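Structural overview
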Amino acid sequence: MDLLGQVGRLPDGDVIDLGCGNGAVGPALKQRFSGCDVIGIDASPAMLKEAAITGAYSATFEADASFWTPDTPPALIFSNALCNWLPDHEALFTRLAGTLVKGGVLAVQMPRQYEAPSHRLLREVAQELFADRFDFTDWQAPVAPPQDYAEMLAPFGEVSAWETDYIQRLAPVEMGHPVHHFTQSTVMRPFTNKLNTSELECFIAAYESALDSDYPPQKDGSVLFPFKRVFFTLTV
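Residues numbered from 1 in each chain as written. Predicted model: local features only at pLDDT ≥ 70, side-chain atom pairs only at ≥ 80, totals over all residues. Heavy atoms only, no water.

Across its full length, the chain holds eight helices and seven strands. The C-alpha atoms of the chain give 19 Å as radius of gyration, which agrees with the globular expectation for 236 residues (18 Å, within 12%). The principal-axis extent of the C-alpha atoms belonging to the chain is close to 55 × 40 × 35 Å. Expressed as a percentage of its 236 residues, the buried residues of the chain come to 43%. By sequence separation, contacts in the chain at least 24 residues apart represent 74% of the contacts at least 6 residues apart. Of the roughly 12,200 Å² of accessible surface on the chain, 51% is carried by carbon and sulfur atoms. Averaged over its 16 positive side-chain charges, the chain has a centre that lies 5 Å from the centre of its 30 negative ones. (Helix = DSSP H or I, 4+ residues; strand = E, 2+ residues; numbered from the N terminus. Rg over C-alpha atoms; globule rule 2.2 N^0.38 Å. Buried < 20%, exposed > 50% of the residue type's maximum accessible area, 1.4 Å probe, protein only. Contact = heavy atoms within 4.5 Å. Areas by Shrake-Rupley, 256 points an atom, 1.4 Å probe, with all protein chains shown as cover. Lys, Arg positive; Asp, Glu negative; His and termini not counted. Charge placed at Lys NZ, Arg CZ, Asp CG, Glu CD.)

Here we take up the environment of Pro-146. Counting through the fold element by element, Pro-146 comes out in helix H5 (residues 146-153). The buried category is assigned to Pro-146, whose relative accessible area is 10%. In this structure Pro-146 touches Arg-112, Ala-161, Trp-162, Glu-163 and Val-230, once residues within four positions along its chain are discounted.

Once that is clear, we can look at the packing of helix H3 (residues 89-99) against H5. Orientation of H3 relative to H5, taken along the N-to-C sense of each, is 50 degrees, at an axis distance of 11 Å. What the angle tells us is that H3 and H5 run oblique. Judged by the sense of rotation from one axis to the other, the crossing of H3 with H5 is right-handed. For the pair H3 and H5, the contacting residues are His-89, Glu-90 and Phe-93 in the first and Tyr-149, Met-152 and Leu-153 in the second. (Axes fitted to C-alpha atoms, helices over the stretch in contact; angles between N-to-C directions. Parallel < 35°, antiparallel > 145°, perpendicular 65-115°, else oblique. Left-handed = near helix turned anticlockwise from the far one by under 90°.)

Bringing the packing of helix H4 (residues 117-129) against helix H8 (residues 197-214) into the picture now. At a minimum axis separation of 10 Å, H4 and H8 run at an interaxial angle of 140 degrees. In terms of axis orientation, H4 runs oblique to H8. Between H4 and H8 the crossing geometry is right-handed. Across from Pro-117, Ser-118, Leu-121, Leu-122, Val-125, Ala-126 and Leu-129 in H4, the residues of H8 making contact are Cys-202, Phe-203, Ala-206, Tyr-207, Ala-210, Leu-211 and Asp-214. Along the lines of polarity and charge, the residues of the contact of H4 with H8 split into 12 nonpolar, one polar and one charged. (Nonpolar A, V, L, I, M, F, W, Y, C, P; charged D, E, K, R; others polar.)

Residues Val-15 and Asp-17 of strand E1 (residues 15-18) are buried on one face, and the alternating residues Ile-16 and Leu-18, pointing to the opposite face, are buried as well. Bridge analysis of E1 against strand E2 (residues 38-42) gives four bridges, and the strand direction is parallel. Its bridge partner being in E2, Asp-17 is matched across the sheet by Gly-40. For the segment spanning E1, helix H1 (residues 26-32) and E2, crossover handedness is right-handed. Of the strand pairs in this sheet, E1 and strand E4 (residues 76-80) are connected by three bridges, and their pairing is parallel. Within E4, the position partnered with Val-15 by the bridge is Leu-76. (Pairing = 2+ DSSP bridges. Right-handed = clockwise from strand over helix to strand, strands pointing away.)

And the structure:
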């Protein structure tokens, strides 16, 4: 919603929800741009089925966002928490900007949490326990600071780029640490995919022990969890 709030009036053309997932943003896009066709793009057929149920989309298409190209120039490409999973941002955003109609907007939000303990500890614990499978010596974060995107996209139009830290309160969970519960289905998956059952138990125990120091529980068992996100809009 913070990203959507920074998108102004659009020219004629479709609104693309790139990486629409289960359609969480679709209704807000449809309400804001009621005169436009909202098109959902995602690589997961299961997610697209859920997105279609929202009724927000004029159409949905299965496609890899790394290579997707619209049939006609869209007025808006809106991408929420997808592009952090995609490589070569300079090539990606240059290509997407080039598909827009004149006056169109590329609007992107990406998590930039990689140096925070929630993410950093995954790398540190994995490399310490399983150095044969994890080596982050030359690792680089997949999302850059906002000023890098402002500089990268300035030749293509008017850029607004910013970063926000959201302080989320994570509710207590029956087993384990709330931050582990938060990361297990996203950033933690590439780690757990390389471990067998006994190794995973060891890994989780070490990770949760480290989390206790950086994210101590409140009296009710909840945790205050700062989470950093980077945003930009480009109007071509």
